Amino acid sequence: MRIKGLFDNIDHELLMKAVDMHAEERWIKLYILRWLKAPFVNENGETVERTSGTPQGGVISPLLANLFMHYAFDVWMKRIFPECPFERFADDAVIHCKTEQDAMEVLERLDQRMKESKLELHPDKTRIVYCKDSNRKKEHPNTSFDFLGFTFCGRRARTKDGKLWRSFQPAVSRKSHKSFREKIKALRIHRRTGEDIESIAKELNPIVRGWLNYFTAFYKSGMAYTMDCLNWRFCRWAKRKYKAKTTTAWEWIKAKARDRPELFAHWQMGWLP
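Residues numbered from 1 in each chain as written. Predicted model: local features only at pLDDT ≥ 70, side-chain atom pairs only at ≥ 80, totals over all residues. Heavy atoms only, no water.

Novice: Help me out: how do you make sense of the packing of helix H2 (residues 12-20) against helix H4 (residues 61-80) in this one?
Specialist: In a pair of packed helices, the angle between the axes and the distance between the axes together describe the arrangement. Where H2 contacts H4, the axes come no closer than 9 Å and their chain directions differ by 85°. When the axis of H2 is compared with that of H4, the two are roughly perpendicular. Across from Leu14, Leu15, Ala18 and Val19 in H2, the residues of H4 making contact are Leu64, Leu67, Phe68 and Tyr71. Along the lines of polarity and charge, the residues of the contact of H2 with H4 split into eight nonpolar, no polar and no charged. (Axes fitted to C-alpha atoms, helices over the stretch in contact; angles between N-to-C directions. Helix = DSSP H or I, 4+ residues; strand = E, 2+ residues; numbered from the N terminus. Parallel < 35°, antiparallel > 145°, perpendicular 65-115°, else oblique. Contact = heavy atoms within 4.5 Å. Nonpolar A, V, L, I, M, F, W, Y, C, P; charged D, E, K, R; others polar.)

Novice: Mind showing me how you'd approach the side chain of serine 173 here?
Specialist: Looking at the element boundaries, serine 173 is found in the loop between strand E7 (164-172) and helix H6 (174-186). Beyond its immediate stretch of four places on either side in the chain, serine 173 contacts Asp146, Gly149, Phe150 and Thr151.

Novice: Would you mind going over helix H5 (residues 100-116) with me for this structure?
Specialist: Every α-helix winds through 3.6 residues per turn, so residues three or four apart in the chain are directed the same way. Between its terminal C-alpha atoms H5 stretches 24 Å, which fits the 24 Å expected from 17 residues at 1.5 Å a residue. The set of residues buried in H5 consists of Ala103, Val106, Leu110, Arg113 and Met114. Buried positions in H5, seen along its axis, are confined to an arc of 90° and lie on one side of it. Across H5 from its buried face, at more than 90 degrees, point the exposed residues Gln101, Glu108, Lys115 and Glu116. Each element contacted by the buried residues of H5 is listed here: H4 and strand E4 (92-95). Backbone geometry just downstream of H5 places lysine 118 in the positive-phi region, at approximately 65°. (Expected span 1.5 Å × (residues − 1). Buried < 20%, exposed > 50% of the residue type's maximum accessible area, 1.4 Å probe, protein only. Arc of directions from axis to C-beta.)

Novice: Is there a simple way to think about a negative patch on the surface in this case?
Specialist: A cluster of acidic side chains, namely Glu83, Asp102, Glu105 and Glu108, defines a negative patch on the protein surface. Within the secondary structure layout, glutamate 83 lies in the loop between H4 and strand E3 (86-89). (Patch = residues over 30% accessible without salt bridge, like charges linked within 9 Å, V, L, I, M, F, W, Y side chains within 5 Å. Areas by Shrake-Rupley, 256 points an atom, 1.4 Å probe, with all protein chains shown as cover. Salt bridge = Lys/Arg side-chain N within 4 Å of Asp/Glu carboxyl O. Lys, Arg positive; Asp, Glu negative; His and termini not counted. Charge placed at Lys NZ, Arg CZ, Asp CG, Glu CD.)

Novice: Explain the packing of helix H8 (residues 224-241) against helix H9 (residues 246-259) here, please?
Specialist: Where H8 meets H9, the axes come as close as 8 Å, and the angle between the chain directions of the two elements is 120°. Once H8 is placed against H9, the crossing between them reads as right-handed. Touching Asn231, Trp232, Phe234, Cys235, Trp237, Ala238 and Lys239 of H8 are Thr246, Ala249, Trp250, Trp252 and Ile253, all from H9. Across the contact of H8 with H9, the residue classes break down as nine nonpolar, two polar and one charged. (Left-handed = near helix turned anticlockwise from the far one by under 90°.)

Novice: What should I look at first to understand the packing of aromatic side chains in this one?
Specialist: To describe a pair of aromatic rings, one takes the distance between the centres and the angle between the planes. For the coordinates displayed, the defined rule picks out 18 aromatic pairs. Arranged with centres 5.2 Å apart and planes meeting at 55°, the rings of phenylalanine 150 and phenylalanine 215 form a pair that is tilted. You can see phenylalanine 150 sitting in strand E6 (residues 150-158) and its partner phenylalanine 215 sitting in helix H7 (residues 197-215), a full 65 residues away along the chain. Side by side, phenylalanine 150 and phenylalanine 215 carry an identical accessibility label, which is buried. Judged by centre distance (6.2 Å) and plane angle (85°), the ring pair of tryptophan 237 and tyrosine 242 falls under edge-to-face. Linked through ring pairs, Phe150, Phe180, Trp211, Tyr214, Phe215 and Phe218 together constitute an aromatic cluster. Over the ring of tryptophan 271 we find lysine 220, and its NZ or CZ is 5.2 Å from the ring centre. Above the face of the tyrosine 242 ring, lysine 241 is positioned so that its terminal group lies 5.9 Å from the ring centre. (Phe/Tyr/Trp six-rings, centres within 6.5 Å; stacked < 30°, edge-to-face > 60°. Lys NZ or Arg CZ within 6 Å of the ring centre and 35° of its normal.)

Here you go:
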């Protein structure tokens, strides 16, 4: 489930009812309401009155949006569909149902609930997905979904006794892979020939370590291709810095990894060139 334009469409009156549940001080509620209704100036210099939504980039916009969704969605789901567990992050949620009929009922009632809350389910990103694996073998048009940077779908796995089977589980999504590679590409490592490899590692490691700490929680092997791309970035850097052939530069990077596997965060976790 995905809410369409959550931050732009939250009704101020309904939001303030949620705020009333947690704030007793009148001056706090007054400041929040003034902040919500404050007009903004667009790129053409025109002043636009705000009738709904929370200000983009506002420090408490995520807090208010989550507070609104807590009552519009979380509390409602627990009351109406207590047998359907769910996970929600901001405007994105996954609801678990036992049958397709149950899922269709939840979707219909949820659509009505969002309209009552003056919101709208995203027409393209809200759908029913069949969690197909070795135990669930039926055919369905949707057998995968993305959530919080992961793609959930059927993947090869091993049982405790070593047998292969297909399990429905998460791994880093293609979109997340692409975003990370574009971020690394934007650093233009191969052109920084005036720096040594230690300087590059110092800048790069916090980025790579944070990315790996998050995405290696599930299906670590799914990271291999992107880590290989990163190693080839270092090869291009060595090729330009030392004016060497590709094979020579690659051998230099491999030797560096053998001698100093602690140099880069992904080398420390086993992704050596």
